[in-house]
Amino acid sequence: MKIAFVAILLYCLLNCCFTQAQQTGINSYNIVWTTQSRNASESMPCGGGDIGLNVWVENGELLIYAARSGSFDEHNGLMKAGRLRVKLFPNILAGTGFRQELHLQEGYVTVSGQSGKQSGTIRIWTEVFSPVVHVEVSSSKKMAVEAVYESWRYTDRPLTSRANFGNSWKWAAPKGNFTRRDSIAFRSDEVLFYHQNQSPTIFDHTVAQQGMDSVKHELYNPLQYLVSGGSFSGSGFIAAGNTQGMYANTDYKGWKLRSKKAASRHTLTLQLHTAQEPSLQRWLQSLDSLKAATKTNAASTFPATQDWWKQFWQRSFVLINKAKKNNAAWEMGRNYQLFRYMLACNARGIWPTKFNGGLLTVDPIYTDTAHKATPDYRNWGGGVHTMQNQRLVYFPMIKNGDWDMLQAQLDFYRRILHNAELRSKVYWGHGGACFTEQMENYGLPNYAEYGQKRPPGFDKGVEYNAWLEYEWDTVLEFCLMMLEEQRYTGKDISRYVPFIESCLRFFDEHYQYLARQRGARALDEAGKLVLYPGSGAETFKMAYNASSTIAALTVITDRLLQLPAQYGTAERRAWWLALSKRIPPISYTQFNGHTTIAPARLWERVNNVESPQLYPVYPWGIFGVGKPGLDTALNTWRYDTFALKFRSHIGWKQDNIFAARLGLREEAWTLNSLKLQSSGRRFPAFWGPGFDWVPDHNWGGSGMIGIQEMLLQVDDRKILLFPAWPKDKDVHFRLLAPYNTVVEAELKDGKLLNLTVLPESRRADVVNMLN
């Protein structure tokens, strides 16, 4: 009873603290446009659940791109559900008083206008708990509405060589490759559309290419029998024929619905359904069941969705310079919140938010005029996951308290664990899960990146690729996220421990296996693993004992050993301890007499522009503010010629995070200001393309991490407040810390006005670094 009372009290205190911040903060970040957009590149994001929308008004017509996570075609491209076009009669959007607004706190978009004495508003929103999009028209007088479902996949569409970069074939596509058409037709007074994957898919080609046929029957295959689609309908709407046209550079066909009569209110619904279902009839039955449930629950869905958004914004926030709007500092805080909203557009998805645009991409010609592909295109594929990029999308969710959003990425790894373990078994005959850096959503290396002209006898488990070869340690960062869930929330992570063990086992057994191939001993003279060949990110190649790998193995084994006794038998813990003693030490070097962290003990070439010598600072936290060896880490930042050469704020660069972790207030502010400045596009948080695409989600994610690390750092129970925040920059924030801790603080005019730490017992662990 006492525990329940305390929990209720904490909840009330949190809500009370939040009310003022909410009123002065989140609502003030609403995006308002008073002119129409020129094209889809000037769209506004909207979404919820696992659906993302791009919403804009062009030439007096409302247009919406809709996308649902997991809608993969045979080539593993991530397909959009289609485009909606809504026309009003009389057309209030072509008159005066135009206004389009993203209501950030409520999670929806409104478009309004006036024609003569008639005014009206369209509200666009997505349910959080069901895959349903609503378009609601309300007007001061009766009006007629025409709505069109548009698709460019109405016919088989040849894929140019560049267009294949939007799927898993990339540069290795077979001649004559094409996207199969969807099935689209009127069914009574609704538009029914779906894409049913046909065999073979890219999965089948990948398995054959990589010599995994002997275990194909065991492999998880997310593309087989996959059906993606849905229906578009409206209350009081009837089928009204077809249209056709051209948008950007892509031709399309439309299926038109028209309101039976003029009315002051109209409702349109886009119901989406994606499932692996061998029987199309059963898929249709499931769709109809979902539609029936939507109709039954119609009265409760909007309040339930609003309640979810309310709780979402109560978890955390960062308001910078909130009293002085529309300057660079204020924009940083606004863009932080805008990007968090964009991530929430896939909060409840089964599939992770992709780093290269999430669900919010548009016609590629608006990113690169040379890319004349369909709106389904995104650079670096739809089902391909580049894990160094993905981690930057998901790490900021920890301090934001967005654990529900993070599950999709962690579950993604758990689904493909067996496939990764089979790689180790088939290729080398040992245990452990071998995850590569750029891999498919079924856990095997990307078909193109695996290498097409492999030398005879080349190790089948290794990508024949100058950037990706021997890079398989990024998975350990996701192991860290799994461990952080236990430390931050206290939740049982028993489901993750076997996964983490398997990842560690791969490094232990594989590098002993390789050593035995070279000579008589599996370990070096000190009894340590010889991590060769390895890789320092994609940059320091053919590395011997890469420091980023060593830091990862060290931290993950140590964190396993720190878990409560309920995790792991005595035998398993003995193995964890034995492994920890086999991990070699980090190597060091010197620049102009200054000792620095070396990228590796040795390496053969530099292939990219990353600085993994600073990964022991972030994400691994071996070096940092208040920790031993900070001077060495600072030397690495200041004197390492590679780190200096590669420094930037663009895309996935994380120098802003390194600066914050090192307590460099001026450098951190400068880099994070650049990182989170407005994008230069109409929507401020549509950054990119950087190294990837628009919107660049790892650009936004790394910016969020940088801000968090400036404001709050943690070292087990220690909480460092403002470790890299300039004292003259006003900020009000709420972030999460380990052990179910919430920290809310407000800094104004160089003074700490308020500090709330819940539970109160954790206040003793807070160190104000501004003092």
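(A) Structural context of helix H9 (residues 417-428). Spanning twelve residues, H9 covers 17 Å between terminal C-alpha atoms, matching the ideal 16 Å at 1.5 Å per step. Taken together, the buried positions of H9 are occupied by Leu417, Asn419, Ala420, Leu422, Arg423, Ser424, Tyr427 and Trp428. Once H9 finishes, Gly429 follows within two positions and takes phi at roughly 75 degrees, a positive value.

(B) Just the pairing of strand E30 (residues 741-748), in detail. The buried fraction of E30 is high, at seven of eight residues. With seven bridges joining them, strand E29 (residues 731-737) and E30 adopt antiparallel strand pairing. Paired with Ala737 across the bridge in E30 is Thr741. The turn joining E29 and E30, which pair antiparallel and follow one another in sequence, is formed by three residues; a positive phi near 65 degrees is taken by Tyr739.

(C) The pairing of strand E3 (residues 51-58), seen in detail. Within E3, eight of the eight residues are buried, which leaves it mostly tucked inside the rest of the structure. Residue alternation in E3 divides its side chains into two sets, Ile51, Leu53, Val55 and Val57 and Gly52, Asn54, Trp56 and Glu58, and both sets are buried. Where strand E2 (residues 44-48) meets E3, five bridges bridge the pair, whose relative direction is antiparallel. Note on E3: the bridge partner recorded for Cys46 is Leu53. Hairpin connection of E2 to E3: two residues between the antiparallel strands, including Gly49 at a positive phi of 65 degrees. With eight bridges joining them, E3 and strand E4 (residues 61-68) adopt antiparallel strand pairing. In the strand pairing of E4, Asn54 is matched with Tyr65. Linking E3 back to E4 in an antiparallel pair, the connection comprises two residues, with Asn59 at a positive phi of about 55 degrees.

(D) Here's a closer look at the packing of aromatic side chains. Considering all chains together, one arrives at 45 aromatic pairs under this definition. With 5.6 Å between their ring centres and 55 degrees between their planes, Tyr194 and Trp283 make a pair best called tilted. With Tyr194 in strand E13 (residues 190-196) and Trp283 in helix H3 (residues 280-296), this residue pair connects regions lying 89 residues apart in the sequence. The two residues Tyr194 and Trp283 agree in class, both being buried. One aromatic cluster is present, formed by Phe72, Trp351, Phe412, Tyr413, Phe435, Phe478 and Phe499 through successive ring pairs. For the cation-ring pair, Arg162 lies above Phe165, with the distance from its terminal atom to the ring centre recorded as 3.9 Å. When the ring centre of Trp351 is taken as origin, the NZ or CZ atom of Arg415, which lies over that ring, is 4.4 Å away.

(E) Geometry of the confidence of the model for the protein. In the predicted model, the protein carries a mean pLDDT of 95, and 97% of its residues have values of at least 70. Here residues 1-11 is a poorly scored stretch, pLDDT under 50, and it has two contacts once near neighbours within four places are set aside; other chains count. Note on residues 16-24: pLDDT is under 50 here. Beyond four places in sequence and across chains, it has 15 contacts.

(F) The packing of helix H12 (residues 497-518) against helix H14 (residues 570-582), seen in detail. The geometry of H12 relative to H14 is characterised by a closest axis approach of 11 Å and an angle of 45 degrees between their N-to-C directions. Looking at the two axes, H12 sits oblique to H14. Every pair of crossing elements has a handedness; the one defined by H12 and H14 is left-handed. Here H12 contributes Val497, Pro498, Glu501, Leu504, Arg505, Asp508 and Gln512 to the contact with H14, which in turn contributes Arg572, Trp575, Trp576, Leu579 and Arg582. A class-by-class count of the residues in the contact of H12 with H14 yields six nonpolar, one polar and five charged.

(G) The arrangement of the pattern of salt bridges in detail. The final tally for this structure, using the stated rule, is 40 salt bridges. Between Asp50 and Arg68 there is a salt bridge, and its shortest N-O distance comes to 3.0 Å. Placement of Asp50 in the loop between E2 and E3 and of Arg68 in strand E4 is noted, with a sequence separation of 18 residues between them. An identical accessibility class is assigned to Asp50 and Arg68; each is buried. For the salt bridge of Glu709 with Lys399, the shortest nitrogen-to-oxygen distance reads 2.9 Å. With Glu709 in helix H19 (residues 697-711) and Lys399 in helix H7 (residues 396-400), this residue pair connects regions lying 310 residues apart in the sequence. Classification of Lys399 as buried rests on a relative accessible area of 6%. Beyond isolated ion pairs, a larger network of salt bridges with shared partners links Glu61, Arg83, Arg85, Lys87, Glu146, Glu150 and Lys256.

(H) Structural context of the side chain of Lys675. Tracing the backbone shows Lys675 in helix H18 (residues 665-675). For the buried Lys675, no salt bridge exists, and the shortest N-O distance to an oppositely charged side chain is 7.2 Å, to Asp655. Among all residues touching Lys675, those that are not within four sequence positions of it are His649, Ile650, Gly651, Trp652, Lys653, Asn656, Trp687, Trp699, Ser702 and Gly703.

(I) Broad picture of the side chain of Gln438. Assignment of secondary structure puts Gln438 in strand E20 (residues 438-440). Looking at Gln438, the relative accessible area reads 6%, which means it is buried. Within the structure, Gln438 has its side chain in polar contact with the side chain of Lys170 (distance 2.6 Å).

(J) Representation of the sheet that holds strand E28 (residues 718-721) in the model. Spatial ordering of the open sheet is given by E27-E28-E32, a layout of three strands whose pairing is mixed. Each edge of the open sheet is held by one strand with a lone partner, namely strand E27 (712-715) and strand E32 (766-768). Recorded for the sheet is a direction-independent mean angle of 25 degrees between the axes of neighbouring strands. With three bridges connecting them, E28 and E32 associate as parallel partners. Paired with Leu720 across the strands is Val767, a residue of E32. The sheet strands contacting H19 are E27 and E28, and the helix crosses E27 at an angle near 75 degrees.

(K) Expanded view of the nonpolar core. Membership of the largest hydrophobic core comes to 203 residues, with the highest contact counts inside it found for Leu62, Tyr413, Phe435 and Leu476. Looking at this core element by element, the count peaks at ten residues for helix H5 (residues 328-344). Setting aside residues up to four positions removed in sequence, Leu62 forms contacts with Val55, Trp56, Val57, Leu84, Arg85, Val86, Leu93, Val111, Ile122, Ile124 and Val135. Of all hydrophobic cores here, the second largest spans eight residues; its members include Ala40, Trp152, Tyr247 and Tyr252.

(L) Representation of the packing of helix H13 (residues 547-562) against H14 within the structure. Between H13 and H14, the least distance of the axes is 9 Å, while the angle of their chain directions is 150 degrees. As the angle between them shows, H13 and H14 are arranged roughly antiparallel. Read as a crossing pair, H13 and H14 show a hand that is left-handed. Between H13 and H14, the contacting residues are Thr557, Leu560 and Leu561 on the first element and Arg573, Trp576, Leu577, Leu579 and Ser580 on the second. Each residue belonging to the contact of H13 with H14 can be placed in one class, and the counts come to five nonpolar, two polar and one charged.

(M) The arrangement of unusual backbone geometry in detail. In the segment running from Tyr532 into Pro533, the intervening peptide bond is cis, with an omega of -5 degrees. Inspection of the secondary structure puts Pro533 in the loop between H12 and strand E21 (534-536). Positive phi outside glycine occurs at Asn76, with the angle close to 70 degrees. Its relative accessible area of 0% is what places Asn76 among the buried residues. Positive phi values are uncommon outside glycine, yet Asp716 reaches one of about 55 degrees. With respect to the secondary-structure elements, Asp716 resides in the loop between E27 and E28. By relative accessible area, Asp716 is classed as partly exposed at 35%.

What counts, and at which threshold
- Residues numbered from 1 in each chain as written.
- Predicted model: local features only at pLDDT ≥ 70, side-chain atom pairs only at ≥ 80, totals over all residues.
- Heavy atoms only, no water.
- Helix = DSSP H or I, 4+ residues; strand = E, 2+ residues; numbered from the N terminus.
- Expected span 1.5 Å × (residues − 1).
- Buried < 20%, exposed > 50% of the residue type's maximum accessible area, 1.4 Å probe, protein only.
- Pairing = 2+ DSSP bridges.
- Phe/Tyr/Trp six-rings, centres within 6.5 Å; stacked < 30°, edge-to-face > 60°.
- Lys NZ or Arg CZ within 6 Å of the ring centre and 35° of its normal.
- pLDDT = per-residue confidence, 0-100.
- Contact = heavy atoms within 4.5 Å.
- Axes fitted to C-alpha atoms, helices over the stretch in contact; angles between N-to-C directions.
- Parallel < 35°, antiparallel > 145°, perpendicular 65-115°, else oblique.
- Left-handed = near helix turned anticlockwise from the far one by under 90°.
- Nonpolar A, V, L, I, M, F, W, Y, C, P; charged D, E, K, R; others polar.
- Salt bridge = Lys/Arg side-chain N within 4 Å of Asp/Glu carboxyl O.
- Lys, Arg positive; Asp, Glu negative; His and termini not counted.
- Polar contact = N/O pair within 3.5 Å; in protein donor to acceptor, adjacent residues only side chain to side chain.
- Core = buried A, V, L, I, M, F, W, Y, C linked by side-chain atoms within 4.5 Å.

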